[in-house]
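The residues making up each chain are set out below.
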Amino acid sequence: MTGAIRRVGVVGAGQMGAGIAEVCARAGLDTLACEADALAARDARDRVTASLERAAQRGKLSAAKAREARDRLSYTAELNDLADRQLVIEAVVENSDAKTELFTALDKIVEDPSAILATNTSSIPIMRLGMATQRADHVVGLHFFNPVPVLPLVEIVASLHTSSDTTQRVEDFARATLGKTVVRSRDRAGFVVNALLIPYLLSAIRMAESGFATATDIDNGMRLGCAHPMGPLQLTDLIGLDTVAAIAESLYQEFREPPYAPPPLLQRMVDAGLLGRKTGGGFHTYDH
């Protein structure tokens, strides 16, 4: 067992990555967020700063703690700047080729042989990403949930090659340092949460697609009839229709079971750029 993790890198600082970077900085860690270019890095800074300010305004975080967290965060557009990190968490687009290419690059860049390379993937096999490196024993799934600063759960997923030491270090980091609740999963598509959640969301999409009920009625039915905090189509909009489609495709590729098959309406909406909250419209409309 090596020393405590104090230097963290996050690759991809969109909605999920920015949240991961924020919780790391709020936990007192030296945090470096890496984006594709300078403009995206600047957007990431604005995103995290705005989130910290909202937390302070709502009394979830003192103004002093928000400033301290902001000061612990730095941003870059150069992957090579992650060379000194003890833990790098990948949070780029849910695409197997993109993630595999990134892990191959990170394996060559991150200097400490004991450093951990973690992925926030929702569904892509950890083994596939580990085998893209020369340190598969140090590659692990560390799956957060959106919004990361609010939701307490993290899934930890070990591949057949992930060492028990790596798994334990990451679990200790998530529990003791970040204050998250941890569930462990075997390395299979969807892990625990999405293997249960995605068929439910797809069923709601099929119901809307068939005209059986409106999106509003479907969501009200599950909110008011089952006491869910939001309806399945609202949740799909929050996650992002592109992300839901990608997870569904990974599940269907692995299990070949009809409940996992992405409905045609979902793919049409993705093709149309109707991705949910992040684009201002999906199954419902939003200020954007």
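Keep in mind that what you see is a predicted model, and the values were worked out from it rather than measured. (Residues numbered from 1 in each chain as written. Predicted model: local features only at pLDDT ≥ 70, side-chain atom pairs only at ≥ 80, totals over all residues. Heavy atoms only, no water.)

Peer 1: Would you take a moment to explain the side chain of T166 for this structure?
Peer 2: Secondary-structure assignment places T166 in helix α6 (residues 164-177). A residue is classified by how much of its surface remains accessible, and T166, at 0% relative accessible area, is buried. At a separation of 2.9 Å, a polar atom in the side chain of T166 contacts the side chain of S163. Once residues within four sequence positions are removed from consideration, T166 is found in contact with I116, D137, H138 and V140. (Helix = DSSP H or I, 4+ residues; strand = E, 2+ residues; numbered from the N terminus. Buried < 20%, exposed > 50% of the residue type's maximum accessible area, 1.4 Å probe, protein only. Polar contact = N/O pair within 3.5 Å; in protein donor to acceptor, adjacent residues only side chain to side chain. Contact = heavy atoms within 4.5 Å.)

Peer 1: So what exactly am I meant to see when it comes to the packing of helix α10 (residues 241-255) against helix α11 (residues 264-271) here?
Peer 2: Packed helices, taken two at a time, are described by the angle their axes make and the gap between the axes. The contact between α10 and α11 brings their axes to 9 Å, and the two run at 135°. It follows from the interaxial angle that α10 and α11 lie oblique. Crossing hand, α10 versus α11: left-handed. Across from L241, D242, V244 and A245 in α10, the residues of α11 making contact are L266, M269 and V270. In the contact of α10 with α11, the residues fall into six nonpolar, no polar and one charged. (Axes fitted to C-alpha atoms, helices over the stretch in contact; angles between N-to-C directions. Parallel < 35°, antiparallel > 145°, perpendicular 65-115°, else oblique. Left-handed = near helix turned anticlockwise from the far one by under 90°. Nonpolar A, V, L, I, M, F, W, Y, C, P; charged D, E, K, R; others polar.)

Peer 1: I keep staring at the packing of aromatic side chains and nothing clicks. Help me out?
Peer 2: One pair of aromatic rings is described through two measures. These are the centre distance and the angle between the planes. Counted according to the given criterion, the structure contains one aromatic pair. Relative to Y260, the ring of F255 has its centre 5.4 Å away and its plane inclined at 35°; by these criteria the two rings are tilted. Residue F255 is classed as partly exposed on the basis of its relative accessible area of 24%. (Phe/Tyr/Trp six-rings, centres within 6.5 Å; stacked < 30°, edge-to-face > 60°.)

Peer 1: When you look at helix α1 (residues 15-26) in this model, what are you seeing that I'm missing?
Peer 2: Since the α-helix packs 3.6 residues into each turn, any two residues three or four apart lie on the same face. Taking 1.5 Å per residue as the helical rise, α1 with its twelve residues ought to reach 16 Å, and the 17 Å between its terminal C-alpha atoms agrees with that figure. Along α1, nine of the twelve residues are buried, which leaves the element largely enclosed by surrounding structure. All of the buried residues in α1 are G17, A18, G19, I20, A21, E22, V23, C24 and A25. Once α1 ends, the next one or two residues include G28, with phi positive near 90°. (Expected span 1.5 Å × (residues − 1).)

Peer 1: I'm lost on the sheet that holds strand β3 (residues 73-76) in this one. Help?
Peer 2: To summarise the sheet geometry, strands pair through backbone hydrogen bonds and adopt either a parallel or an antiparallel arrangement. Pairing is mixed in the open sheet, where eight strands are placed in the order β3-β2-β1-β4-β5-β6-β7-β8. A single partner strand is all that each edge strand has here, and the edge strands are β3 and β8 (181-186). Sheet twist, expressed as the average angle between the axes of neighbouring strands with direction ignored, equals 25°. The sheet contact formed by strand β4 (residues 87-90) and strand β5 (residues 116-119) spans four bridges and is parallel. When the bridges of β5 are listed, V88 appears paired with L117. Strands in contact with α6 are β1 (7-11), β4, β5, β6 (139-144), β7 (153-158) and β8; relative to β8, the strand with the most contacts, it is inclined by about 150°. (Pairing = 2+ DSSP bridges.)

Peer 1: Looking at this structure, how should I read helix α9 (residues 232-239)?
Peer 2: Listed in full, the buried residues belonging to α9 are P232, L233, T236, D237 and L238. Those residues of α9 hidden inside the fold are in contact with α1, α7 (193-210), α8 (215-226) and α10. Looking one or two residues beyond α9, the residue adopting positive phi is G240, at roughly 110°.

Peer 1: Which parts of the structure should I look at to understand the pairing of β1?
Peer 2: Looking along a regular strand, one sees side chains alternate from face to face of the sheet. In terms of burial, β1 is a largely internal element, four of the five residues being buried. Two elements, β1 and strand β2 (residues 30-34), share five bridges in a ladder whose sense is parallel. Note on β2: the bridge partner recorded for R7 is D30. What joins β1 to β2 is α1, and the crossover it makes is right-handed. Here four bridges tie β1 to β4, and the two strands are oriented parallel to one another. When the sheet's bridge partners are listed, V10 is paired in β4 with I89. (Right-handed = clockwise from strand over helix to strand, strands pointing away.)

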